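Each chain is listed here by its residues.
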Amino acid sequence: MNTIKSELLLFTGFVLILTGTIVLEKPFIIRTFEKAASFGFLCDIAIPGNDGGSKLRSFDEQCTEGTALRSELVSARSYNMNVYAVQKRKGFVYEDRYMDPDYDQILSGPYGMMCVIEIPSINTLIPVGHGTGTELLRDAAGHMHGTSLPIGGPSTHAVIAAHSGLVDRELFTHLPRMRTGDVFNIYVLGEKHIYRVDKISTCLPTETDALRVVSGEDMVTLMTCVPYGINTHRLFVRGVRCLYDGNDSALDLVSARRREYVRSLLSIMGMFLISAAETAFYTLHIHKTISRIRLKKRSML
């Protein structure tokens, strides 16, 4: 009986260790599946015309059928010019997106998303949708209506917001780790736009002067609520457009992210296979021990 108890205690200890391991690995698992979703968005949004097949077409190859793409860009530029004109008269004005019936139709890619943002310094890659509605912000970042669309160009200032501190999503959780000089990339309409962080500030929700368009400047501000769980202030991470040498593209990022995604999946599969193998081993070991004890008792009768 003592042997059985010791074996059961050993098995219980193993189960507790396994459970602890899974809990500790939870952030890694969440990050992997979040990146997997973003990878799909990247293929479809950042590379227009991609049909989800194994061969991804480059932006140059799509120019033969780029009339719709150019039309989309013209509409977005027109929208940004209007935003700049409004802000020159009234300053920054936040309005509900539903007051602007044309907003959701501009720069609307697959799944209704407009672009993908990548922040290498905090290993973040997430799609960006229209507006900052509750449903959208559960799974993605949102473009703040009333600011420029994130297509770049002089006299534009796009604002992209996302949650932080969620249990099952990272999104902008690590945004406070960013520092001046860091870069982030926006993939939109087959192009890669690079922004270098030049200012980081924390403001009250009513302090919006930092979100205004600056004449001649091409800027994007990333925004999230701080501190975690309290959300009394807003963290603004502002980036200014910098030169792009053209050495890599959305295709290069897709290839790199595909490799990272495959490695992450293999790691998760390996972890669960090892855990399953250990569980089977200890279960079999306990079963054999109990069988030996039963046989021994029978032989003594």
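The structure we're discussing is the one just above.
Not measured: the values here are computed from a predicted model. (Residues numbered from 1 in each chain as written. Predicted model: local features only at pLDDT ≥ 70, side-chain atom pairs only at ≥ 80, totals over all residues. Heavy atoms only, no water.)

## Comments concerning the packing of aromatic side chains
Part 1: Here the structure, examined in full by the defined rule, presents 2 aromatic pairs.
Part 2: Residues tyrosine 79 and tyrosine 103 carry aromatic rings whose centres are separated by 6.0 Å and whose planes lie at 40° to one another, so their mutual orientation is tilted. Here the residue tyrosine 79 occupies a position in helix α3 (residues 67–90), and tyrosine 103 occupies one in the loop between α3 and β1 (113–119), the gap between them amounting to 24 residues. We note that tyrosine 79, like tyrosine 103, is buried.
Part 3: Relative to tyrosine 195, the ring of phenylalanine 184 lies with its centre 5.7 Å away and its plane at 15°, an arrangement referred to as stacked. Note that phenylalanine 184 is positioned in strand β5 (residues 183–188) and tyrosine 195 in strand β6 (residues 191–203), a separation of 11 residues in sequence. (Phe/Tyr/Trp six-rings, centres within 6.5 Å; stacked < 30°, edge-to-face > 60°. Helix = DSSP H or I, 4+ residues; strand = E, 2+ residues; numbered from the N terminus. Buried < 20%, exposed > 50% of the residue type's maximum accessible area, 1.4 Å probe, protein only.)

## Some details on the environment of serine 164
Part 1: Turning to its location among the elements, serine 164 is positioned in the loop between β4 (156–161) and β5.
Part 2: Each C-alpha atom of the pair serine 164 and asparagine 231 lies 9.6 Å from the other, and the pair is 67 residues apart in sequence.
Part 3: When neighbours within four sequence positions are excluded, serine 164 is seen to be in contact with Phe172, Thr173, Thr224, Cys225 and Tyr228. (Contact = heavy atoms within 4.5 Å.)

## A look at the environment of asparagine 82
Part 1: Along the chain, asparagine 82 falls in helix α3.
Part 2: For asparagine 82, a relative accessible area of 47% translates into the label partly exposed.
Part 3: As for asparagine 82 and glycine 146, which are separated by 64 residues in sequence, their C-alpha atoms are 9.8 Å apart.

## Concerning the pairing of β5
Part 1: β5 sits mainly inside the fold: 5 of its 6 residues count as buried.
Part 2: The sheet contact formed by β1 and β5 spans 3 bridges and is antiparallel. In the sheet register, glutamate 118 faces β5, and the bridge partner there is asparagine 185.
Part 3: Strand direction decides the pairing type here: β5 and β6, joined by 6 bridges, are antiparallel. If you follow tyrosine 187 over to β6, its bridge partner there is lysine 192.
Part 4: Linking β5 back to β6 in an antiparallel pair, the connection comprises 2 residues, with leucine 189 at a positive phi of about 50°. (Pairing = 2+ DSSP bridges.)

## Looking at the sheet that holds β5
Part 1: Read around the closed barrel, 8 strands run β1-β2-β3-β4-β7-β8-β6-β5, paired in mixed fashion. Strand-to-strand twist across the sheet, computed as the mean angle between neighbouring axes with direction ignored, equals 30°. (Axes fitted to C-alpha atoms, helices over the stretch in contact; angles between N-to-C directions.)

## Notes on unusual backbone geometry
Part 1: A cis amide bond links valine 226 to the next residue, proline 227, at an omega of -15°.
Part 2: Turning to its location among the elements, proline 227 is positioned in the loop between β7 (218–226) and β8 (233–241).
Part 3: Of note, the phi angle at leucine 107 is positive, near 60°, even though the residue is not glycine.
Part 4: For leucine 107, the position within the fold is in the loop between α3 and β1.
Part 5: Residue classification places leucine 107 among the buried residues on the basis of a relative accessible area of 3%.

## Focus on the pairing of β1
Part 1: Here β1 lies mainly inside the structure; 7 of its 7 residues are buried.
Part 2: Pairing of β1 with strand β2 (residues 124–130) involves 6 bridges; the strand directions are antiparallel. Looking across to β2, one finds that methionine 113 is bridged to glycine 129.
Part 3: As consecutive antiparallel partners, β1 and β2 are separated by 4 residues, and within that stretch asparagine 123 has a phi angle of approximately 55°, a positive value.

## Details of the side chain of threonine 173
Part 1: Counting through the fold element by element, threonine 173 comes out in the loop between β4 and β5.
Part 2: The exposure class of threonine 173 is buried, given its relative accessible area of 13%.
Part 3: Within the local environment of threonine 173, its side chain forms a polar contact with the backbone nitrogen of glycine 165, the two atoms lying 2.9 Å apart.
Part 4: At a separation of 2.5 Å, a polar atom in the side chain of threonine 173 contacts the main-chain carbonyl oxygen of glutamate 170. (Polar contact = N/O pair within 3.5 Å; in protein donor to acceptor, adjacent residues only side chain to side chain.)

## Some words on the pattern of salt bridges
Part 1: As enumerated under the stated definition, the model contains 3 salt bridges in all.
Part 2: The closest approach of N and O atoms between arginine 241 and aspartate 218, which form a salt bridge, is 2.8 Å. Here arginine 241, found in strand β8, pairs with aspartate 218, found in strand β7; they are 23 residues apart in sequence, far enough to count as distant.
Part 3: We classify aspartate 218 as buried; its relative accessible area is 10%. (Salt bridge = Lys/Arg side-chain N within 4 Å of Asp/Glu carboxyl O.)

## Focus: the nonpolar core
Part 1: Ile117, Ile119, Ile160, Met178, Phe184 and Leu222 are the most contacted members of the largest nonpolar core, which has 35 residues in total.
Part 2: Among the elements of the structure, α3, β1, β2, β4, β5, β6, β7 and β8 are those that each provide at least two residues to this core.
Part 3: The residues touching isoleucine 117, leaving out its near neighbours within four places in the chain, are Thr124, Leu125, Ile126, Val128, Ile160, Phe184, Asn185, Ile186 and Leu222.
Part 4: In terms of nonpolar packing, the next biggest core, distinct from the first, is built from 8 residues, Val159, Cys203, Leu211 and Met223 among them. (Core = buried A, V, L, I, M, F, W, Y, C linked by side-chain atoms within 4.5 Å.)

Limitation: the analysis is restricted to geometry and does not speak to function.
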